[in-house]
Structure formats: structure tokens, C-alpha cells
Amino acid sequence: MTLLRHTSADQDVQREALTVNPAKTCQPIGAMYAALGLHRCLPHSHGSQGCCAYHRSTLSRHYKEPAMAGTSSFTEGSSVFGGQANLLAAIENIFTVYNPDVIAVHTTCLSETIGDDVPQIVEAAIDKGLLPEGKMVIHANTPSYVGSHTTGFATMTKAMVDYIAQSSGAEKIRDQVNLIPGWVEPADMSELKRLVKLMGLDPVTFPDTSGVLDSPQTGIHEMFPAGGATVDSIRSAGDSCHTIALGPICSGPAAKALFAKCQIPQTTMPLPIGLKATDRFIMKLREINGGFVPDEIMTERGRVLDLMTDMHQYFYGKTAALWGDPDQLVSLAELLITLDMIPKFVVTGTPGKKFYKRMGEVLGDHAQGCKVDQGSCADMFQLHQWIKSDPDKVDLLIGNTYGKYIARDEDIPLIRHGFPILDRIGHQHFATVGYRGATRILEQILDAFLDRQDRDAPESGFELVM
Ligand code: SF4
């Protein structure tokens, strides 16, 4: 806990090589999460087994659910001579013992550094007859020294297109839409599908971790839970009339690949977190469905507006610090601006080209007073220094569990959002996308402010009605 306390607010800490408490993690965990969104799929980590154990355990700690995956369990020998024998043995064992429909192989920094050719190994497995009839192995190269966990998620999602999606050659299906939801919680994926269906369209959603990482307790352990996008549904993505990719970093590459492979027109847009971003999502669907929005959705939107009006007196001028994944941060910042709040400090450890531009567009006139940083030194240490150094600090923290140390040190309320959330339970059941999701975020923010007000109020100002 003291890690973040070892510099004082007035120390100017210039760093180029040292990352302290990063605001990202490595690619393979993203690929593993995406692969769990494929029905009857076993993610497989091609590398040494420590990576797989770490990534499974982090997913389990976030979801409080089993997160299944295999590993090639490299030894020193495979590190020198290559991991082909390990992967061939793994493919044979996995199909014999666990019987998934798909093995989704991702790589670690070890197998990437030695340069294993995974497609060639998979070909060798097919030649040796190690793939039972109807089964498949897909793969994504996920070097952990490039990008972040979001990059791994994007690459595995794109692999689903590369390996599975096909155009049947028939006319595109007019009311079928590909929905690539990005790195969001299972409840978000359910909510997005619900909205698309309400708009009279049939969503082909992938990856889809709803029904996988929010499974009910039945007393029986299901190695492969009921949820996840089926191979057949992803195959039919090649016949859809449009692709909506939510979040350019996590979903953009798959949408572009679908366009290149099957000529599906695509729209890549921000995650629909908050009123404006959800409006854009619904308007896009309205273009596709021929121009209608059902009353149910209009009612949900009206509720958000009503809440914003009722709560506005508490939001106006309040400041927040945000950290996490770029796709999430851009939409969250826009939501705060809509509430007349100021996202004063924003950091993401995920590198990338367009983040500053996207944040600049969202911040608009506020950009001057806000600090945004990206890359390996844009970490929790950096964020904490900014907060410590500002005489007004900030009124609110929004981000993953790692922010709890700053929250405690600086006595600032924290709303847990993003990945990972390791110290709370049940968050995967509550969407933060769409109008319903916006009502939840609004309630969380207001609760944080009013709890603080109650806690700090003098006896004479301790109000019953607020
Ligand atoms: S950084 Fe490399 S060694 Fe560490 S968990 Fe990620 S893939 Fe494994």
C-alpha cells in the first residue's frame, strides 16, 4: 500500500523507463477473455504455464467464476527448440480429455520471442489427425510487449472473423447485424443485444461472455457454460447487412477484417456509455432498421434525462480522475462532460495513435484544464502525483480496483469501473452501457457524492432530505 506514498506532492518525478503500478496488463489475458466469449471454446495459452495461471486467476478474481484455459507448459527445452511438440500434445490432450468444439490459441511473450509459427503447428496437427471431425483450432498472436490486454482482446476477436466468418454468396440478410461489443462485462453484452433486438434487428454478437462469466449456480460444474457466440452464428456474420463495432481499439480490427473478407459495411463507434454515446448507437441502428425507435427505448432515454435533471445540482463543476482502457475512458469522459463534471485527470497504459485526439474532441473547451496521458509511464503513480500536486485534488475517482490505494491515501470516493475489479462482487450482472447502464452510473456517482456529504456534514447540516 505504501508503494504510492514514497514521493511527496512537490517532487517533480520525470521518468522515461520506469513504470510504477501500470494502468494496463498484457495481451494474452484479453485474448483469453475474448475466447471465453465463444461457445464451447477452451482458450489455450501457448507459452510457459505461469502466464496462463495468472490470467485465469485474474479473470476468476474479477468474476468470482471459473475461467477455463489450457497451456502448452513450456519447459527450458521448448524455450530453446520451439514449442511445436508441446502444442501438438496439448491439442491431442484437450480434445481427448475436455472435448471443446474450438481451441483458441493465443501466445505469450516467450513463444513470440522464440518465433513459434502457430498456424504451421495447427496445420501439422490437422495432418496428424489430431483434430476430431467438426472441431477447430483458431489462433491469435498476442505478444505481451506490444499494446496491452485490449490489443489481445482485439486480436482474438479478429481471429474469430479470420477463421470462422464466411459469406455464403447469397444476398445479405437485411435485418441481421453484427454486433462486436468490445471489452465490456457480460451484462453489457446482454444489454446491447437487448437494445438491438428492440430495434427490430437480429444481432450476431461476438465475442459474447454473457452466460459464461455470469452463469447461475446449479450445483453442477459446467466446463463449457451455456453462453458464448456459437461457431455457426459467427460463420453467418459474413452474411449480415452491417457490422457495428463498439470501441475502435477492441472491436475495430475485427470489423475491418469482416469488411475485407465478406464486404460487410461497418461502423466503428465509441462504447455506448452515457446518453450521447447511446444516442449515437441507437441512431445507427435506426438507420439500419428503416427509421424507427420503439417506445420502450424512448422511455428508457427519458428516464436518463429525468435523472440527469434531478441530480444536476450535485454534479455541476465536480471533478474526477479516470484510468483504464481507452475505449472506456473516452465514453466515460463524455458522460461526465454531459453532466457538467470535469474529467480532470485521465490516464491509460494502453498505447495507441488516436487516443489524445478522441479525448480532445470529447473534452472540447475543458481540454485546457485537464491532463491526459497515455503509454507506459501513464500509470497509477503518475495519476497519484497529479492528484497529490493539485491543491483541489479531485472529487471522485473512477477506475479499477487498483485505485483504492489512491482513494484511501487521498480520502477521495472511488467508483469501481472497468477491469479488473478484484475487491467487489456482482458487478458483471449490472450493465453500464445503454440508457439503463447510464442510470446505474448516475446513481453510483450521486451515491458517492451524497455519502461523502453525509459523512462530512456537521451535526447542524446533516440533512434528512437531499
Ligand atoms: S508479460 Fe509475458 S510472461 Fe508476463 S504474464 Fe504476460 S505473457 Fe506471461
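The structure under discussion appears in the preceding block.
Quick look at the structure, then. (Residues numbered from 1 in each chain as written. Predicted model: local features only at pLDDT ≥ 70, side-chain atom pairs only at ≥ 80, totals over all residues. Heavy atoms only, no water.)

## A word on the overall build of the protein
1) Next: From N to C terminus, the protein includes 17 helices and 13 strands.
2) Next: Once the C-alpha set of the protein is aligned to its principal axes, its extents read approximately 80 × 55 × 45 Å.
3) Next: Across the 466 residues in the protein, those meeting the buried criterion constitute 56%.
4) Next: Contacts spanning at least 24 positions in sequence make up 75% of the contacts within the protein whose residues lie at least 6 apart. (Helix = DSSP H or I, 4+ residues; strand = E, 2+ residues; numbered from the N terminus. Buried < 20%, exposed > 50% of the residue type's maximum accessible area, 1.4 Å probe, protein only. Contact = heavy atoms within 4.5 Å.)

## Focus: the pattern of salt bridges
1) Next: Scanning the entire structure with this criterion turns up 25 salt bridges.
2) Next: Here Arg 194 ties to Glu 300 by a salt bridge, and the two come within 2.9 Å at their closest N and O atoms. Of the two residues, Arg 194 sits in helix H8 (residues 186-198) while Glu 300 sits in helix H12 (residues 295-315), which places them 106 residues apart along the sequence. We note that Arg 194, like Glu 300, is buried.
3) Next: Each member of the salt-bridge network shares a partner with another, and the members are Glu 191, Arg 194, Glu 296, Glu 300 and Arg 436. (Salt bridge = Lys/Arg side-chain N within 4 Å of Asp/Glu carboxyl O.)

## With respect to helix H15 (residues 380-389)
The α-helix winds at 3.6 residues per turn, so residues separated by three or four positions along the chain end up facing the same way.
1) Next: Counting buried positions over the 10 residues of H15 gives 9, a clear majority of the element.
2) Next: Along H15, the positions that sit buried rather than exposed are Met 380, Phe 381, Gln 382, Leu 383, His 384, Gln 385, Trp 386, Ile 387 and Lys 388.
3) Next: Elements in contact with the buried residues of H15: strand E9 (319-323), strand E10 (342-348), strand E11 (371-374), strand E12 (396-399) and helix H16 (404-410).

## Topic: the site of the ligand
1) Next: The environment of the ligand is made up of Cys 26, Pro 28, Cys 51, His 55, Thr 108, Cys 109 and Ser 144.
2) Next: For the shell around the ligand, a count of residues per class yields 4 nonpolar, 3 polar and no charged. (Near = heavy atom within 4 Å. Nonpolar A, V, L, I, M, F, W, Y, C, P; charged D, E, K, R; others polar.)

## Observations concerning helix H1 (residues 27-35)
1) Next: Most of H1 sits out of view: 9 of its 9 residues are buried.
2) Next: Taken together, the buried positions of H1 are Gln 27, Pro 28, Ile 29, Gly 30, Ala 31, Met 32, Tyr 33, Ala 34 and Ala 35.

## Digging into the environment of Pro 413
1) Next: The topology assignment puts Pro 413 in the loop between H16 and strand E13 (414-416).
2) Next: On the basis of relative accessible area, Pro 413 is assigned to the buried category, the value being 15%.

## Considering unusual backbone geometry
Across the chain, the bulk of peptide bonds are trans and the bulk of non-glycine residues have phi less than zero.
1) Next: Between Phe 206 and the following residue, Pro 207, the backbone shows a cis peptide bond with an omega angle of -15°.
2) Next: Along the polypeptide, Pro 207 turns up in the loop between strand E6 (202-205) and helix H9 (231-236).
3) Next: Of the consecutive residues Phe 419 and Pro 420, the connecting peptide bond is found in the cis state with omega at -5°.
4) Next: In this structure, Pro 420 sits in the loop between E13 and helix H17 (434-456).
5) Next: Notably, Asn 21 is not glycine yet its phi reads approximately 55°, a positive angle.
6) Next: Residue position: Asn 21 is located in the segment before H1.
7) Next: On the basis of relative accessibility, which here comes to 23%, the residue Asn 21 falls in the partly exposed class.
8) Next: In this structure, Asp 340 is a non-glycine residue whose phi angle is positive, near 65°.
9) Next: With respect to the helices, strands and loops of the structure, Asp 340 is situated in the loop between helix H13 (326-338) and E10.

## Side note on the sheet that holds strand E1 (residues 41-46)
1) Next: Spatially, E2-E1-E3-E4 is the arrangement adopted by the 4 strands of the open sheet, whose pairing is parallel. Single-partner strands in this sheet number two, and they are strand E2 (70-71) and strand E4 (136-140).
2) Next: Two elements, E1 and E2, share 2 bridges in a ladder whose sense is parallel. Its bridge partner being in E2, His 44 is matched across the sheet by Gly 70.
3) Next: Against the sheet, helix H4 (residues 84-97) makes contact with E1, strand E3 (102-107) and E4, and its axis sits at roughly 160° relative to E1, the strand it touches most.
4) Next: Those strands touched by helix H7 (residues 149-163) are E3 and E4, and its axis lies near 135° from that of E4. (Pairing = 2+ DSSP bridges. Axes fitted to C-alpha atoms, helices over the stretch in contact; angles between N-to-C directions.)

## Comments concerning the nonpolar core
1) Next: If you look at the biggest cluster of nonpolar residues, it comprises 101 residues, and the most contacted ones within it are Met 156, Phe 206, Phe 281 and Ile 445.
2) Next: With 9 residues, H17 is the largest single contributor of residues to this core.
3) Next: Once residues within four sequence positions are removed from consideration, Ile 445 is found in contact with Phe 315, Leu 336, Leu 339, Met 341, Leu 396 and Ile 415.
4) Next: If you look at the next biggest cluster of nonpolar residues, it comprises 19 residues, including Val 105, Val 118, Val 122 and Leu 131. (Core = buried A, V, L, I, M, F, W, Y, C linked by side-chain atoms within 4.5 Å.)

## Quick notes on the environment of Met 199
1) Next: By the element assignment, Met 199 lies in the loop between H8 and E6.
2) Next: Along the backbone, Met 199 and Val 293 are 94 residues apart, and their C-alpha atoms lie at a distance of 6.2 Å.
3) Next: What Met 199 contacts, discounting residues up to four positions off in sequence, is Ile 282, Leu 285, Arg 286, Asn 289, Phe 292, Val 293, Pro 294 and Ile 297.

## Quick word on the packing of aromatic side chains
For any pair of aromatic rings, geometry is given as the distance between the ring centres together with the angle between the planes.
1) Next: Across all of its chains, the model carries 8 aromatic pairs by this definition.
2) Next: Between Tyr 33 and Tyr 63 the ring centres are 5.8 Å apart and the planes differ by 15°, which places this aromatic pair in the stacked class. On the criterion of sequence distance, the pair formed by Tyr 33 in helix H1 and Tyr 63 in helix H2 (residues 49-63) is long-range, its members being 30 residues apart.
3) Next: Looking at Tyr 63, the relative accessible area reads 1%, which means it is buried.
4) Next: The interplanar angle of 55° and the centroid separation of 6.3 Å between the aromatic rings of Phe 355 and Tyr 356 together place this pair among those described as tilted. (Phe/Tyr/Trp six-rings, centres within 6.5 Å; stacked < 30°, edge-to-face > 60°.)

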